[in-house]
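An overview of the molecular structure
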Amino acid sequence: MTYIRKTVYVVIAVLSAISAACSHDHNHEHDHDHEHEGHDHAAETGEKGHDEDSHKGIVVFTAAQAKAGGVEVKEIQPGSFSGVIRTAGEIMAAQGDERSVPATVAGIVSYAAGTLTPGAPVGAGQALFRVSAKGISTTDNTAALRATLSSAEARLKRAETLLADKLITQTEYDLIFGEVAAARGALSTPATSAVSGATATSPISGYLTECLVRPGDYVEVGTPLALVSTNRKLQLRADVPQRYNGELKQIRGANIVIPSDKDRTLALGKYDAKVVSYGRSGTSTNSLYMPVIIEFNNPGGLTSGTPVQAYLLTEGRSGVISVPRTALTEEEGVYFVYIEVSPEHFRKQRVETGLSDGVSTEIVEGLKGGERIVVKGATLLKLAANSGKAPQGHTHNH
């Protein structure tokens, strides 16, 4: 029985080995045939395998993925491109469009209703603050109020000259104007009013630009509490280095980028931008910068005092290839775009960049025109290319 049992075990082992060998040969032949079939198919159709595609910088991105990710493709052609002066700038309210809300009595500040949020609409005469004078001495301060008014009027007279020479902003001038108005109001206010306090109201209808005090703050007469703007017009003030003096007359508009929201670029030409003044640096001949003032319609979401990166546009050149800045991706200081070589197939292309106007960037090498490139969503293709595999939803089985 032991001999028979051992014989059975040997037979089973041999049969298993033969079966495994046959299976291996069959699979080997199948795989070999499959490889030849795949090779023949590629040769007949001209298609490249995905491994070869990945070495050639090809990224596969399906139409469904492109739609979900907001990927957009556009054909680029040579065209006109402006000269650019890049500098720092600031958004200001247009002249006559911004007013301060002054305190007419001294006391402790509180909000008239709820909270005050920059950008909130306000109406002319709307109560914004309450100033409580409870517990504050009610001695006759007429002499002090007259002295305050005299000082404010002297500063206003000087501010008018500085504003004409563009040495102060309209906002700074309006604050001083508000101090004069508040000082005059305080002189005409009966002394009994100071005992209970007063309400500070908006002088115009518009939008709250900035709240300058917090509840619980103590303020003197004439202290600016807030700024209100009609927001019909805004101005860009850009300080240009003296070396661009010869180009100031060529400035015809500007694009701006908001540093706090770098995805937001505004072409001011879309908002009726016009240059209202340039090069007036006041009486100083040693100024290193010259101011350029460009007025435009408020596109929304901008308030006075916002710092910006300004791209001042001068005379253009023709025959320049440029791409939207959203089309560029960067890796260790090298820039790339993605060219659509066929539906759902994109090739990573290195490019050399030139000037940028904040909206578009000049391409000096790497594109010749006529290419269809990804102008939105290029970052998604970069992530797919760097992952070393096809995006989710793609398979190598065909």
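Residues numbered from 1 in each chain as written. Predicted model: local features only at pLDDT ≥ 70, side-chain atom pairs only at ≥ 80, totals over all residues. Heavy atoms only, no water.

1. Structural notes on the overall build of the protein chain
- On a plain count of helices and strands, the protein chain comes out with 7 helices and 23 strands.
- Counting only residues that meet the buried cut, the protein chain has 36% of its 398 residues in that class.
- For the protein chain, contacts bridging at least 24 residues in sequence account for 78% of all contacts bridging at least 6.
- Only carbon and sulfur atoms are counted for the fraction: they give 51% of the accessible area of the protein chain, which is about 22,800 Å². (Helix = DSSP H or I, 4+ residues; strand = E, 2+ residues; numbered from the N terminus. Buried < 20%, exposed > 50% of the residue type's maximum accessible area, 1.4 Å probe, protein only. Contact = heavy atoms within 4.5 Å. Areas by Shrake-Rupley, 256 points an atom, 1.4 Å probe, with all protein chains shown as cover.)

2. Some details on the pattern of salt bridges
- Within this structure, the stated rule accounts for 8 salt bridges.
- The closest approach of N and O atoms between Arg 237 and Asp 239, which form a salt bridge, is 3.3 Å.
- In this structure Asp 239 comes out as partly exposed when scored by relative accessible area, which is 30%.
- With a closest N to O distance of 3.3 Å, Glu 362 and Arg 317 form a salt bridge. Note that Glu 362 is positioned in strand 22 (residues 360-365) and Arg 317 in strand 17 (residues 307-320), a separation of 45 residues in sequence. (Salt bridge = Lys/Arg side-chain N within 4 Å of Asp/Glu carboxyl O.)

3. Here we look at the environment of Glu 90
- Mapped onto the fold, Glu 90 is located in strand 3 (residues 79-93).
- The class of Glu 90 is partly exposed, set by a relative accessible area of 34%.
- Each C-alpha atom, one on Glu 90 and one on Ser 304, is 7.9 Å from the other, the two residues being 214 residues apart in sequence.
- Excluding its chain neighbours within four sequence positions, the residues that come into contact with Glu 90 are Gln 235, Leu 236, Arg 237, Gly 305, Thr 306, Pro 307 and Val 308.

4. Looking at unusual backbone geometry
- We note that Asp 272 has phi near 55 degrees; this positive angle belongs to a residue other than glycine.
- Looking at the secondary structure, you find Asp 272 in the loop between strand 14 (261-267) and strand 15 (274-278).
- You can call Asp 272 exposed: its relative accessible area is 54%.
- Phi angles above zero are rare outside glycine, and Glu 332 is one such case at about 55 degrees.
- Turning to its location among the elements, Glu 332 is positioned in the loop between strand 19 (329-331) and strand 20 (334-342).

5. Some details on the environment of Ala 238
- By secondary structure assignment, the location of Ala 238 is in strand 12 (residues 233-241).
- For Ala 238, a relative accessible area of 0% corresponds to the buried category.
- When the C-alpha atoms of Ala 238 and Ala 88 are compared, they prove to be 6.0 Å apart, with 150 residues separating the residues in sequence.
- In this structure, Ala 238 is in contact with Thr 87, Ala 88, Gly 89, Met 290, Pro 291, Val 292, Ala 310 and Leu 312, ignoring residues within four places of it in sequence.

6. Things to note about the pairing of strand 7 (residues 127-132)
- The sheet contact formed by strand 5 (residues 107-111) and strand 7 spans 4 bridges and is antiparallel. The residue of strand 7 that forms the bridge with Ile 108 is Ser 132. (Pairing = 2+ DSSP bridges.)

7. Comments concerning the side chain of Asp 357
- Here Asp 357 is to be found in the loop between strand 21 (345-356) and strand 22.
- It turns out Asp 357 is buried and unbridged, and the closest side chain with the opposite charge, Arg 252, is 7.1 Å from it.
- Within polar-contact distance, the side chain of Asp 357 engages the backbone nitrogen of Val 359 at 2.9 Å.
- The residues touching Asp 357, leaving out its near neighbours within four places in the chain, are Phe 81, Val 84, Asn 255, Tyr 311 and Leu 313. (Lys, Arg positive; Asp, Glu negative; His and termini not counted. Polar contact = N/O pair within 3.5 Å; in protein donor to acceptor, adjacent residues only side chain to side chain.)

8. Topic: the side chain of Lys 382
- You can see Lys 382 is positioned in helix 7 (residues 378-387).
- Look at Lys 382: it is buried, it has no salt bridge, and the nearest opposite charge is Glu 331 at 5.0 Å.
- Dropping the residues within four chain positions of it, Lys 382 is found in contact with Thr 329, Glu 330, Glu 331 and Tyr 338.

9. Quick look at the sheet that holds strand 7
- Taken in spatial order, the 4 strands of this open sheet run 8-7-5-10, and their pairing is antiparallel. The open sheet terminates on both sides in strands that have one partner only, identified here as strand 8 (198-201) and strand 10 (218-219).

10. Things to note about the nonpolar core
- Counting residues in hydrophobic clusters, the biggest one holds 22 residues, and the most contacted among them are Leu 236, Ile 256 and Leu 312.
- Taken together, the elements giving at least two residues each to this core come down to strand 3, strand 12, strand 13 (253-258), strand 16 (289-297) and strand 17.
- In this structure, Ile 256 is in contact with Ile 91, Leu 236, Arg 264, Thr 265, Leu 266, Leu 268, Leu 302, Val 308, Gln 309 and Ala 310, ignoring residues within four places of it in sequence.
- Ranked by size, the runner-up nonpolar core spans 17 residues in total, among them Ala 103, Val 109, Leu 116 and Leu 208. (Core = buried A, V, L, I, M, F, W, Y, C linked by side-chain atoms within 4.5 Å.)

11. Describing the sheet that holds strand 9 (residues 206-211)
- Ordered by their spatial adjacency, 4 strands build an open sheet running 4-11-9-6, and the pairing between neighbours is antiparallel. The open sheet has two free edges, formed respectively by strand 4 (98-102) and strand 6 (121-122), since each of these has just one partner strand.
- Judged from the 5 bridges that link them, strand 4 and strand 11 (residues 224-229) form a sheet pairing that is antiparallel. Residue pairing for strand 11: Ser 100 is matched across the bridge by Leu 227.

12. Looking at the confidence of the model for the protein chain
- Summarising the model, the protein chain shows a mean pLDDT of 78, and 75% of its residues fall at 70 or more.
- A low-confidence stretch, residues 191-195 stays under pLDDT 50, and its non-local contacts, those more than four residues away or across chains, total 5 contacts.
- Taken together, the stretch residues 389-398 has pLDDT below 50 and engages in 13 contacts with residues farther than four places along the chain or on a different chain. (pLDDT = per-residue confidence, 0-100.)

13. Re helix 7
- Within the span of helix 7, buried status applies to Ala 378, Leu 381, Lys 382 and Ala 384. Buried residues in helix 7, looked at end-on, bunch into an arc of 165 degrees, giving them a common side.
- Against strand 1 (58-60), strand 19, strand 20, strand 21 and strand 23 (372-376) lie the buried residues of helix 7. (Arc of directions from axis to C-beta.)

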